[in-house]
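Residues per chain are reported as follows:
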Number of protein chains: 2
Amino acid sequence: MNILFVMYDQLRFDYLSCAGHPHLHTPNFDRVAARGVRFTNTYVQSPICGASRMSFYTGRYVSSHGAQWNGFPLRVGEITLGDHLRELGMECWLLGKTHMKADAKGMARLGLAPDTEIGARQADCGFDAWARDDGLWGQGPDGFYDAKRSPYNEYLKGKGYDGENPWADYANAGVENGEMATGWIFMNADKPANIREEDSETPWLTSETIRFLDQAKGPWCAHVSFIKPHWPYIVPAPYHDMYGTGDILPVVRDTAELEDPHPVLAAYHETKVADAFQRDEVREKVIPAYMGLIRQCDDQLGRLLDHLEATGQMDDTMIVLTSDHGDYLGDHWLGEKDFFHEAAVKIPLIICDPRAEADSTRGTTCDALVEAIDLAATFVEAAGGAVPDHILEGRSLMPWLRGERPAWRDFVISEYDYSVTPRCKALGVSPRDARIFMVFDGRWKLIHFEGGFRPMLFDLETDPDEFADLGDDPAHAERIDRLYDHLATWGRRLAQRVTMSDADIERARGASLRKGIMPFLVDGSEVPPELTEAYRGPARQVHAPARDDEH
Amino acid sequence: MNILFVMYDQLRFDYLSCAGHPHLHTPNFDRVAARGVRFTNTYVQSPICGASRMSFYTGRYVSSHGAQWNGFPLRVGEITLGDHLRELGMECWLLGKTHMKADAKGMARLGLAPDTEIGARQADCGFDAWARDDGLWGQGPDGFYDAKRSPYNEYLKGKGYDGENPWADYANAGVENGEMATGWIFMNADKPANIREEDSETPWLTSETIRFLDQAKGPWCAHVSFIKPHWPYIVPAPYHDMYGTGDILPVVRDTAELEDPHPVLAAYHETKVADAFQRDEVREKVIPAYMGLIRQCDDQLGRLLDHLEATGQMDDTMIVLTSDHGDYLGDHWLGEKDFFHEAAVKIPLIICDPRAEADSTRGTTCDALVEAIDLAATFVEAAGGAVPDHILEGRSLMPWLRGERPAWRDFVISEYDYSVTPRCKALGVSPRDARIFMVFDGRWKLIHFEGGFRPMLFDLETDPDEFADLGDDPAHAERIDRLYDHLATWGRRLAQRVTMSDADIERARGASLRKGIMPFLVDGSEVPPELTEAYRGPARQVHAPARDDEH
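Residues numbered from 1 in each chain as written. Chains lettered and ligands numbered in written order. Predicted model: local features only at pLDDT ≥ 70, side-chain atom pairs only at ≥ 80, totals over all residues. Heavy atoms only, no water.

Per an unreviewed UniProt entry, chain A carries the name Phosphonate monoester hydrolase and comes from Pseudooceanicola nanhaiensis.

Okay, here's the thing in structure tokens:
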């Protein structure tokens, strides 16, 4: 079996028709959901691209892999999904975005050059890169945000789009009065991107994927990782005007949220992106474009599914559709992601396992508490391996796909490190205290802040919209304590004993005894009979060299 | 300045005359203490050789470096003291024991061969090995406990000691009726080891150290790491009968400890080594030998100090004397180490900084709560560096050496993983739950057990001998909660963000803006004036390729 591990970037859990969106029709997501299981309570390990993705790709919590924010290098030697799968004889390919930054200093310390196979895997997050394109080709006075080469920009240039950065000038810009109207500006979001639709990012990566599929031998895992519907919010025709203001869901926000908010949340309210999404004119421009981008993703997914069917690969390919985090889109007076309301921290997850053992669950949903790190474990099991749970911190979802009811976790954890953001400075918090932890048990969501702030608490049963922060309500003190107990248990987890599995440990028991380490002998009679002779040796004369003082 | 970082193995904190031992005279330890500072509350990160040492050598907690027990490989790429010091231009040499096991699988994954400089450092815990000898040359039916070469055994063979393993047959055995009487047997501990004193382990490593010193250029850090007074408890003449039963301290144990003990402690009581040390005849054989071994260490330390003085190196060498853990020696009905009473978890630590800035503290003691991980940070500062506190979890002791009163930690943490021991199986605990954590705040010592056991609690102010376990006393529930809060805080520590320092983070703030990442623009007017032109570019015509549908 092969694994097609498809990730969209910044795709909200509820912007799919199979997830209940009333106006956004996504027949191809729905088509996979109808053949598989849709996991309705899936949470990312961090609501920010880089940290979240490093958790997907290592199967480990953010505090375990340490790449806590975008551009924080994943340290050399961290074991990745690719390492696990290759050990099982499955190739692991990358097409698109990882947002992984190589640990150049660590690689230099270990003498690893990025132009070797080993070095390239270290630099590409454990994948073999079919086409790595992180999809954010911002360019400013200090140069490109991303110093790597962009296969997509190269493709565009090959197609005749001019300039140094056609990603910015065409794929992510419209035209107004004959001049470039950049997609960075929200008020341009309703313009069609100035690019042939088939040359835009999502079709380009879909074509790359088809090219990959047509030559792949397998077994393979292909991480097909689209940058969209991530900003810049702009989409080519015909998607740019497929949705209108009437298709926008009512904004999920309440003036109570602005009254005496938690100080860290208050700092979020004051960001420029929050300010922008608090304006109706921004939401009315951006959300239809966001929906258009998703609809384009869906159409391209259909193209991919059709190709799999046409080439007979559908029956031996596990298909996984997910996202690295959501998008506030103005909900809770916020834009972007970066915090822990459902809009940001909850993601879509659909898994279709083509094998007969999953037949009983096709078209169903599963409301177990799932974490992003569960995918790596799932893929290891799907590839025929035993999950190395001394390294992978997630749990295989295969039992759910088979319709079993496994004993399962009681809570999920998500983390956010805002040390590099202006909020850290504005709040007067030290970089190491600029960390937030979410514990969610399926009903209660506790948000803990380092740095001496009180926690936040939401009851998603009585307050599914998360308007009422109960974190300073003495009536909930005991509940808060219980959630803190979960966090403390998690804090003591066995995360770094990555060189010894439980089986290694069980094998090691008693091994030193048979290698002559016997630090407990009173008179020698305690040596097990089978070891006595080997241990004591023949009762031979010793021949010590003459002592100097005997001369 | 150079650093002579001397470690003894299994040396109790209170078996030095400067620490108050009434019968064991250690004039050379005292000589260093008189020139430096003796830290009287120093705790190891784990009361077991390998895990403790990996904390010394990485400056990180056991749960951070993951090498939780002897023989658990230190994962490839973990940053060591040697890495930090070399970056500051200081060499970092090993003479003697580390008990480090290389991560062979990890090295293979990264293509690192142990015969290259980089590979050798990975395999030798970050040191350059002058003479690596881990000092435990046990041999049984499954071969040697330690598969590496033994420079010490080679030395003995060169000196004419016969057989495959003269370490066992001579250095660690006496003679009885003309036959070998092994030091593994406690009842042989009063015999003189059948070896010339100058050929025994401690003088051998001292000679190696002098040979190192005579050629070293510096600046260097030399980790001189003696295996003694670790078992096998046997010592050559004249040390074998230097102490008698009258010199033995009264055993620190109380029958109350055996009444309804904590179940995990009860399992310790039933180990063979505990059973042995519960017998007076064992203590009366072993402790005088243990004292003789320490006295030999002291004499050899004197030899080393004399050599430093004679060669004029005393004034530019920081001298550090410590141990990797203690030894119960029958206290608390236990033998060995492996648990958290003071006899096991507290260590001697004496630091003599020759520089004038430390003149005000010479001959003093410091009762701050010190952790073994503080040494790596201390050495980095001593070598002129800033402590990389995103990697090193300890704190430099230099302020204390200068007589300052720095703000300091409120508690120390120590950990023990008993998964590989028979106690894990006997208690029916899974390997990953076979973990114990100690939190000590200077007065109260909480011992937390994974796996559902109640905690233990000692009050070292009213009960310095740690006889009364208050862990199930409801009167202390609040205090226990407070200590658990410490443990939870520690559990959330920032341990793995090793690729980004706080300074890196502060530098990164706002950097993406100047590289064209601007996801917050409503109409473009928000771009800072200094970036507007660079960002927006000239208001040029775009030249998009003709769309297909225009043909």
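Time to look at empty space enclosed by the protein. For the structure on display, the rule yields seven cavities of 30 Å³ or more. By volume, the largest cavity is sized at about 170 Å³. A:Ser63, A:Gly491, A:Arg493, B:Gly491 and B:Arg493 are the residues nearest the centre of the largest cavity, which is lined by 17 residues in total. Counting only elements with at least two residues in the lining of the largest cavity, the list comes to α3 (62–65), β17 (435–440) and α17 (477–491) of chain A together with α17 (477–491) of chain B. Residues belonging to the lining of the largest cavity are distributed by class as follows: five nonpolar, seven polar and five charged. (1 Å grid on protein atoms, 1.4 Å probe; cavity = no way out; pocket = protein on both sides within 12 Å on 5 of 7 lines; lining within 4 Å. Points joined across faces, edges and corners; volume = space filled by probe spheres on them. Helix = DSSP H or I, 4+ residues; strand = E, 2+ residues; numbered from the N terminus. Nonpolar A, V, L, I, M, F, W, Y, C, P; charged D, E, K, R; others polar.)

Moving on: the environment of A:Arg405. Within the element layout of this structure, A:Arg405 appears in the loop between α15 (398–401) and β16 (412–417). Under the relative-accessibility criterion, A:Arg405 is labelled exposed at 71%. (Buried < 20%, exposed > 50% of the residue type's maximum accessible area, 1.4 Å probe, protein only.)

Take the UniProt feature "domain: Sulfatase N-terminal" (unreviewed entry) in chain A next. UniProt's feature table lists "domain: Sulfatase N-terminal" (unreviewed entry) at residues 2–384 of chain A, given in the numbering used throughout. For residues 2–384 of chain A, the end-to-end C-alpha separation is 11 Å, with 33% helix and 15% strand making up the annotated structure. (UniProt positions renumbered as here; feature names shortened; annotations may be inferred.)

On the surface, a cluster of negative charge is made up of A:Glu478, A:Asp481, A:Asp485, B:Glu478, B:Asp481 and B:Asp485. Elements with a minimum of two residues in the negative patch: α17 of chain A together with α17 of chain B. Relative to the elements of secondary structure, B:Asp485 occurs in helix α17. (Patch = residues over 30% accessible without salt bridge, like charges linked within 9 Å, V, L, I, M, F, W, Y side chains within 5 Å. Areas by Shrake-Rupley, 256 points an atom, 1.4 Å probe, with all protein chains shown as cover. Salt bridge = Lys/Arg side-chain N within 4 Å of Asp/Glu carboxyl O. Lys, Arg positive; Asp, Glu negative; His and termini not counted. Charge placed at Lys NZ, Arg CZ, Asp CG, Glu CD.)

Bringing the packing of aromatic side chains into the picture now. Enumeration over the complete set of coordinates arrives at 56 aromatic pairs over all chains. Judged by centre distance (6.2 Å) and plane angle (80°), the rings of A:Tyr233 and A:Phe277 are edge-to-face. Within this pair, whereas A:Tyr233 is found in the loop between β10 (220–225) and α10 (263–269), its partner A:Phe277 is found in helix α11 (residues 272–277), the two being separated by 44 residues in sequence. Comparing A:Tyr233 with A:Phe277, the two get one shared label, buried. Ring geometry for B:Tyr61 against B:Trp490: centres 5.3 Å apart, planes inclined by 85°, an arrangement best described as edge-to-face. A residue pair is termed long-range when its members are at least 10 positions apart, and B:Tyr61 in the loop between α2 (49–58) and α3 (62–65) and B:Trp490 in helix α17 qualify at 429 residues. No difference in accessibility class separates B:Tyr61 from B:Trp490, as the two residues are buried. Taking NZ or CZ as reference, B:Lys346 lies 4.8 Å from the ring centre of B:Phe13, over its face. When the ring centre of B:Tyr268 is taken as reference, the NZ or CZ atom of B:Arg423 above it lies at 4.1 Å. (Phe/Tyr/Trp six-rings, centres within 6.5 Å; stacked < 30°, edge-to-face > 60°. Lys NZ or Arg CZ within 6 Å of the ring centre and 35° of its normal.)

Turning to α17(A), a few remarks are in order. With 15 residues, α17(A) should reach 21 Å at 1.5 Å per residue; the first-to-last C-alpha distance of 20 Å fits that figure. Listing the buried residues of α17(A) in full gives A:Ile480, A:Leu483, A:His486, A:Leu487, A:Ala488, A:Trp490 and A:Gly491. In this structure, the buried side of α17(A) is in contact with α3, β16, β17, β18 (444–449) and β19 (456–459) of chain A together with α17 of chain B. (Expected span 1.5 Å × (residues − 1). Contact = heavy atoms within 4.5 Å.)

What follows deals with the sheet that holds strand β3 (residues 42–43) of chain B. Residues and elements named next belong to chain B. Taken together, the three strands give an open sheet; going across it, the order is β12-β3-β15, and neighbouring strands pair in mixed fashion. Because the sheet does not close on itself, it has two edges, and the strands there are β12 (346–347) and β15 (370–371). Note: β3 against β12, two bridges, orientation antiparallel. In the sheet register, Thr42 faces β12, and the bridge partner there is Ile347. (Pairing = 2+ DSSP bridges.)

The next subject is the side chain of B:Ser200. Residue and element names in this part refer to chain B. If you trace the backbone, Ser200 turns up in the loop between β9 (179–182) and α9 (201–213). Within polar-contact distance, the side chain of Ser200 engages the backbone oxygen of Glu197 at 2.7 Å. Residues within four places of Ser200 in sequence aside, it is in contact with Tyr152, Ile195, Pro236 and Gln296. (Polar contact = N/O pair within 3.5 Å; in protein donor to acceptor, adjacent residues only side chain to side chain.)

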